[in-house]
Amino acid sequence: MPATSDIGPGPVMNDPLSGVSRAVALSGLDPSESPLTAPPGVPAAPEGGEAGSTGSIWRLIGRVFVENRLAVVGVVILFVMLVFCFLGPFVYHSGQTSIILRPISAPGSCGKGLIPGPPCPLGTDVNGFDVLGRLMLGGQTSLEVGLAAAAVATILGVVYGAVAGFVGGWLDAVMMRLVDTLLSIPSLLLLIVFAVLFKPGKDVLILIIGGLAWLYPARLVRGETLTLRTREYVQAVRVMGGTGRRIVYRHIIPNAVGTIVVNATFQVADAILALAALSFLQLGIQLPQTDWGQMLSGGTGYAEDGYWWLILPAGACIVLVVVAFNFVGDALRDSLEVRLQQR
Amino acid sequence: MLQSVLVCLGVLVIVYVLFSFEGPQELARAILGSTRATPAAVAQTIHAYGFDKPIWVQLWRAIDNYLHLNFGISAQQNQPVATLMKVALPRSLLLVGASTLLALIVALPLGVFQVVRRNKPSDYILTSLSFIFYAMPPYLLGILLIMVFAIHWHIFSPVILPSESVWQIATSLSQLTLPMFTLAALTVASFSRYMRSSMMDALAEDYVRTARAKGAGEGRVLFRHAFRNALIPIITLLGLSLPTIAGGAVIVETVFNYPGMGLLTTNAALGNDVPVVVGTTIVTTVLTVAGSLLADVMYAIADPRIRYASH
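Everything quoted here is computed from the prediction, not taken from an experiment. Throughout this document, residue positions are counted from 1 along each chain, in the order its sequence is written. A letter from A marks each chain and a number from 1 marks each ligand, given out in the order of writing. pLDDT decides what is reported in this predicted model: residues at 70 or higher carry local features, side-chain atom pairs at 80 or more are listed and counted, and totals for whole chains, interfaces and linings draw on all residues regardless.

### A look at the overall build of chain B
Secondary structure elements are defined from DSSP: runs of H or I of at least 4 residues count as helices, runs of E of at least 2 residues count as strands, and each element is numbered from the N terminus. Across its full length, chain B carries 14 helices and 0 strands. Each helix and strand of chain B, ordered N terminal to C terminal, gives the series α-α-α-α-α-α-α-α-α-α-α-α-α-α. A principal-axis box enclosing the C-alpha atoms of chain B has dimensions of 85 × 60 × 30 Å. The burial label depends on the number of other C-beta atoms within 10 Å of a residue's C-beta. Counts of 20 or more mean buried, 12 or fewer mean exposed, and intermediate counts mean partly exposed, with C-beta atoms placed from the backbone. A buried classification covers 46% of the 311 residues belonging to chain B. Residue pairs at least 24 apart in sequence account for 70% of intrachain contacts in chain B once pairs closer than 6 positions are excluded. A pair of residues counts as a contact when their C-beta atoms, built from backbone coordinates, are within 7 Å of each other.

This is the structure:
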């Protein structure tokens, strides 16, 4: 029986949203692999990979933002959200240690019960915490965990994938079977298993989420390494007596950096979503700490009472940040795709 | 086939070893539930379940038990885990099957449409929309749908009654529609994005140029040549999306109180009901792996290059 999912002619998949194009991006790095699609006489532009220096990746990123309006939108959203979450508390002081209890209808004020109104522009939540202040606090957690988990996943995955692809042979086979095994488990279920086991705090959550997400970059980088290790410059290093470690760290990983950066961007979005999902199930961040997913979870029970401010602000924040990261990642990836650009 | 069996075994070992990190005392307490866990009962449970034995003996015993569909007894509900899953599983399969079908029906034409209108405003709008749907986590979408359609307009039922049978749920549009739509929305975005790029790739292939050179019309090129070839990777995508769909089902079932495997898992996780969490994780994983295997087989059947290569 042909096992096509991992080694067969099927596209190298990461997550369904961008699998094909990421596979295309791989071949796009090597113009000689797709001679038919590159119009004759138009030399393929030396994209991020070929030059291999870190300078090219910055040039690439710079060009993306000139060309792609969605990327600009994404960066602006991210910037605003970062300022809102991390600098906002300095401007808008809300005592997250104090519970604001207001009478059901206070005469002369528009604030009634939990309802938005001064002094709480977005009302208070069920526990009496100010929602706007909580939104900033929760955002800090969501963004921190998202970025840190993505970093963990990327570092683990890059090293793992590069080693597997470079060494090859039976070690590669064993390492990739392990990845397949872990990939075929619904990761949310594994997250739940871990959450039941460890009753995690923020730091452990970063490790758990990152530790489950490294599989995608591992696969991606392994595929990239397989094509890069046969290149002339790698052979040249070998001839000159360069060690395997040197080849992996100085030549293969820097050349795969475009793909890695693109993937890392998506990883952040996925990590934020994973944390929110776990917190929504009340298995993630625990009170009195909060994140956007937990805020949603707290508001769910009151949806039928029309308490929109318990749901919509936190929900909007999650969607905005995830969309923004996806815009940026997609723009970066598009700029790596020689094939699509020249069409 | 062998690989799939190995994957299932691997998952079983991972989950079992993970939980055995808790130590025999905690495991026994989790099995007994907090109220009945006297020291004598804990000791007896440790012995009865063999938690004092070496890990490989325990593993062998666990594999033997699971093969006989013996998943232990739920501490919370005091029923065999297998019985609980027997009720929950068909409902989850119904939800997953119906929503995946819906997702495909919506996503495939959408992807083609985006290619036909690529780089036009409607493509950008649909691309942005699919981004938003992709970023819209199922719990948020579920709540919003409940707020609008169940609470504001009273069109659909916000929750499913646990007493409903599978058949009652399947035939009751007011109950199934919202969860089905929410779970479908999770994959519609990725399916249509994938279909879009798959179509783009297919249109860049030699056979499309050949077809154009021979004078085939745009519709014929799109649907006879490109679409059918673009469909083949979708089969792989379907197989690879199964873990996502299974995870999404957990969330959707929690939001809508849909009494399937996911709700069973989350309730058990909140109540620290280890046998149920282990049981549902293993069964869901085995089914997911089986689904992926099925997708592989379908892929081989659909793609003549593989079909002939294996002869």
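### What about the overall build of chain A?
Scanning chain A from N- to C-terminus turns up 15 helices and 0 strands. Within chain A, counting contacts between residues at least 6 apart in sequence, those at least 24 apart form 71% of the total.

### With respect to the packing of helix α11 (residues 218-256) of chain B against helix α12 (residues 261-270) of chain B
Residue and element names in this part refer to chain B. Running from N to C, α11 and α12 point in directions that differ by 80°, and their axes come no closer than 7 Å. Put simply, α11 runs roughly perpendicular to α12. Contacts from A249, V250, E253 and T254 of α11 reach α12 at G262, L263, T265 and T266. Each residue gets one of three labels, nonpolar for Ala, Val, Leu, Ile, Met, Phe, Trp, Tyr, Cys and Pro, charged for Asp, Glu, Lys and Arg, and polar for the others, Gly among them. In terms of residue class, the contact of α11 with α12 is made up of 3 nonpolar, 4 polar and 1 charged. Axis geometry follows a simple rule: fit a line to the C-alpha atoms, using only the stretch in contact for helices, then measure angles between N-to-C directions, giving values from 0 to 180 degrees. In what follows, roughly perpendicular refers to angles from 65 to 115 degrees, roughly parallel to angles under 35, roughly antiparallel to angles over 145, and oblique to any angle outside these ranges.

### Quick notes on the confidence of the model for chain B
Residue and element names in this part refer to chain B. Confidence scores here are pLDDT values: one per residue, from the predictor, ranging 0 to 100. Here chain B shows a mean pLDDT of 82. Residues at 70 or above account for 94%. Within chain B, the lowest mean pLDDT, 68, falls on helix α14 (residues 304-309), and the highest, 90, falls on α12. Overall fold confidence for the complex sits at a pTM of 0.79, while the interface term, ipTM, reaches 0.80.

### Some points on unusual backbone geometry
Peptide bonds are, in most cases, trans, and in most cases residues other than glycine have a negative phi. Residues and elements named next belong to chain B. A positive phi angle, near 55°, is found at L69, a position not held by glycine. Locating L69 in the fold gives a position in the loop between α4 (55-67) and α5 (81-116). Backbone geometry places N272, a non-glycine residue, at a positive phi of 55°. Summarising the element assignment, N272 is placed in the loop between α12 and α13 (274-302).

### Topic: helix α9 (residues 173-203) of chain B
Residue and element names in this part refer to chain B. Between its terminal C-alpha atoms α9 stretches only 39 Å, short of the 45 Å expected from 31 residues at 1.5 Å a residue. Within α9, the axis deviates most sharply at T187, by approximately 30°. Across the 31 residues that make up α9, a large majority, 27, are buried. For a helix, the expected span equals 1.5 Å multiplied by the residue count minus one. A residue's bend is given by the angle between axes fitted to the 7 residues ending at it and the 7 residues starting at it.

### Focus: the packing of helix α5 (residues 131-167) of chain A against helix α12 (residues 257-280) of chain A
Residues and elements named next belong to chain A. At their nearest, the axes of α5 and α12 sit 8 Å apart, and the two run at 130° to each other. In terms of orientation, α5 and α12 fall into the oblique class. Crossing handedness for the pair α5 and α12: right-handed. Note on element contacts: α12 touches α5 through I260, N263, A264, Q267, V268, A271, I272, L275 and A276, opposite S142, V145, G146, L147, A149, A150, A153, T154 and V158. Its residues assigned to classes, the contact of α5 with α12 comprises 13 nonpolar, 5 polar and no charged. By definition, turning the near helix anticlockwise from the far helix through less than a right angle yields a left-handed crossing, and turning it clockwise yields a right-handed one.

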